[in-house]
Amino acid sequence: MSLLRTKDIGALMNEAQSKGKLKRDLGAWDLTLLGIGAIIGTGIFVLTGTGALTAGPALILSFIIAGVACAFAALAYAEFASLVPISGSVYTYSYATLGELIAWIIGWDLVLEYLFAVSSVAVGWSGYFQSLLGGFGIHLPEALTAAPGAKEGVTSFFNLPAFLIVMVITFLLSRGISESKKVNNIMVVIKVAVVLLFIFVGVGYVKPANWEPFTPFGFEGVFQAAALVFFAYVGFDAVAAAAEETRDPKRDLPRGLLWSLGICTLLYVVVTAIMTGVVPFAQFKGHEDHPVSLVLQMAGQDWVAGLIDLGAILGMTTVILVMLYGQTRIFFSMSRDGLLPKMFSKVHPKYKTPFTSTWILGTIAAFIAALLPLQKLAELVNIGTLTAFTLVSVGVIVLRKTQPDLPRAFRCPGVPIIPLIAIGACLFLISKLAVVTWIAFGVWLLIGLLVYFTYSRKHSLLNNSSASDK
C-alpha cells in the first residue's frame, strides 16, 4: 500500500453513517460555547502574567499575532469542516487529502496536543483550587498537593485535586454529549461574566503611563511571547472534532469556529491592556500563577479578586472538558480507520459515546496530571498545535487542486494566499520555540512512526479491507 494513499471523501461519509453513530445534539451556539470553553482558561488566567514578563505591555500585540495565525488557520478548518463533517478534525481532513502516513502523523501529533493539554491544565486547576480552599482555612496534606518534585521544598507524591477533576470530567463525558454540553455552557457563561466583571472594574484603575515603554524587549520579545501565549488558543480546533454530533455541520461548524475565535481574541486583547495598564509589567514576577487576581488585589478590589479565582477554576474546568472530548473523538476516528485498536471506536448502546475510550484516555490523563511536573508542557502542546494548523492549511490548497468540483458549503477566501499566510505564520511561531521543545517533539514523532509501522499500517482498512470484519 502506498503510504500516501488517500481516503475517498464519499467513503468517509458513508462510514460515518453506517458505523457507530454518535448523537447529533449541537448547534452553532453550542459549538461557539464549546470553543470558548476550550480557549478561555489557562491563557487568560495564567499565561498573561508570563507573557507580560516576556513582551511587556506589547503583549497585546502578541495575542493579536497569535490570534491572526489562528484566524487564517480557522478559515481552512471551516472549509474542511463543512466539506468533511466527520469526527477526527484535522486527522480526518489529512486522510482525505495528504495520505495515510501524514494522517497518522497528525493524529499522533494531536495526541500530544489534547492529552497533555488536559494534564497541564488540570495541574493549573489544582493550584487555583487549593488556593481557594486555603481562603477557607482548608489545607490538603502536602503529599497530595503536587507531583513528585514539582514544588521546591515540599515533599509531595501525588496531585490529588488534578487527578480527581480529570476523573470527574471523564465520568461526565462518558455519560453523553448532551449532559456535557449543558455543564460546559453554564460554566462558559459564568466565566465570561467573570472576565467582563474584571474589565468593568479594572478599566477605572488603568494608568496609561504603565504602558511605557510599550516594547521594552523589542519585537523579538513580542514574537517570543506570541509563541508562548499561542497556548491560550489551543483547543478551538476541538470544535471541528464535534462534526458528527452537530445537527447541521455544514452551516454550524464554520460559525462555531470563527465566532469562538473572534470573541476570545477580543477578550484577550482587552484584558491584557487593562492588566498592564493597572500593574507595571515587571511586578508580575513571582505572581505568574494568578496575574489577573493580582491586578485586582493591587487595585484594592479583593472581593472581585476572589470571584476571579472562582472564574479561573471554572475556566480551566471547561478547558479540560473540551480537550478531553476532542482527544476521545480523534481516537474514535483513528480506530474506525483501523489505525488503532477497535475498542477506541466502540459506541455505548445507551449513552451513544465512545465509552471505553473515554475512560482509558481520561484515566491516563489523570495519572499524568497527578504524577508529572508539567512546567514545560505549554511549549510542547504549542508545537503540536502549530504543526496541525500548518497541515490543515496545506490540505486546503491540495484539495482545491485535486478535487476542485467538490461541493463546499463554506469556501476559505483567497486560496492559496490565505492558507499560505497561515502556514508561514505557524512556521514562524514554531521557530520561536526552544530547541529542547523541538527535540522532545521529534522523539514523540519517532515513537509514533514506530507504532505506525509495527501496528497501524498492517491493520489499516485501506491496506486490508478484510480488517473491517475482524
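This write-up is about the structure you can find in this document.

## Focus on the state of the cysteines
- Overall, the coordinates contain 0 disulfides when judged by the stated rule.
- Here Cys70 stays unpaired: no disulfide links it, and the sulfur of Cys426, its closest cysteine neighbor, is 7.2 Å away.
- Here Cys70 falls in the buried class, since its relative accessible area comes to 0%.
- Judged by relative accessible area, which is 0%, Cys426 ranks as buried.

## With respect to the pattern of salt bridges
- This model, assessed by the stated rule, comprises 5 salt bridges.
- Notably, a salt bridge pairs Arg408 with Glu79, separated by 2.9 Å at the nearest N-O pair. Taken together, the positions of Arg408 in the loop between α14 (377-402) and α15 (417-431) and Glu79 in helix α4 (residues 59-83) put the pair 329 residues apart, joining distant regions of the chain.
- Asp252 is paired through a salt bridge with Arg251; the nearest N and O atoms lie 2.8 Å apart.
- On the accessibility criterion, Asp252 (2% relative accessible area) is buried.
- Counted as one network, the salt bridges with shared partners bring together Glu79, Arg400 and Arg408.

## Considerations on the environment of Asn185
- Tracing the backbone shows Asn185 in helix α8 (residues 177-202).
- The class for Asn185 is buried, based on a relative accessible area of 15%.
- Each C-alpha atom, one on Asn185 and one on Gly202, is 26 Å from the other, the two residues being 17 residues apart in sequence.
- Setting aside residues no more than four positions away along its own chain, Asn185 makes contact with Asp30 and Leu33.

## Re the nonpolar core
- Counting residues in hydrophobic clusters, the biggest one holds 143 residues, and the most contacted among them are Ile40, Phe45, Tyr77, Tyr93, Phe198 and Ile320.
- The element contributing the most residues to this core is helix α6 (residues 100-135), with 17 residues.
- In contact with Ile320, not counting residues within four places along its chain, are Val118, Val121, Ala122, Trp125, Ile165, Val166 and Ile169.
- Counting residues in hydrophobic clusters, the runner-up holds 5 residues, among them Phe72, Leu75, Cys412 and Ile418.

Parameters and conventions
Residue numbers here run from 1 along each chain, matching the order of that chain's written sequence. Side-chain atom pairs in this predicted model are given and counted only at pLDDT of 80 or more, local residue features only at pLDDT of at least 70, and totals for whole chains, interfaces and linings cover all residues. Values shown for side chains rest on all heavy atoms present in the structure; no hydrogens or waters enter the calculation. Disulfide assignment relies on a single distance test, namely cysteine sulfur atoms paired within 2.5 Å. Summary of the burial criterion: residues with accessible area below 20% of their type's maximum are buried, those above 50% are exposed, and those between are partly exposed, where the area comes from a 1.4 Å probe applied to protein chains only. Any carboxyl oxygen of Asp or Glu that lies within 4 Å of a side-chain nitrogen of Lys or Arg is treated as forming a salt bridge with it. To qualify as a helix, a DSSP run of H or I must reach at least 4 residues; to qualify as a strand, a run of E must reach at least 2; elements of each kind are numbered from the N terminus. By definition in these notes, contact holds between two residues if any of their heavy atoms fall within 4.5 Å. Definition of nonpolar core: a set of buried residues of the types Ala, Val, Leu, Ile, Met, Phe, Trp, Tyr and Cys, connected through side-chain atoms within 4.5 Å.

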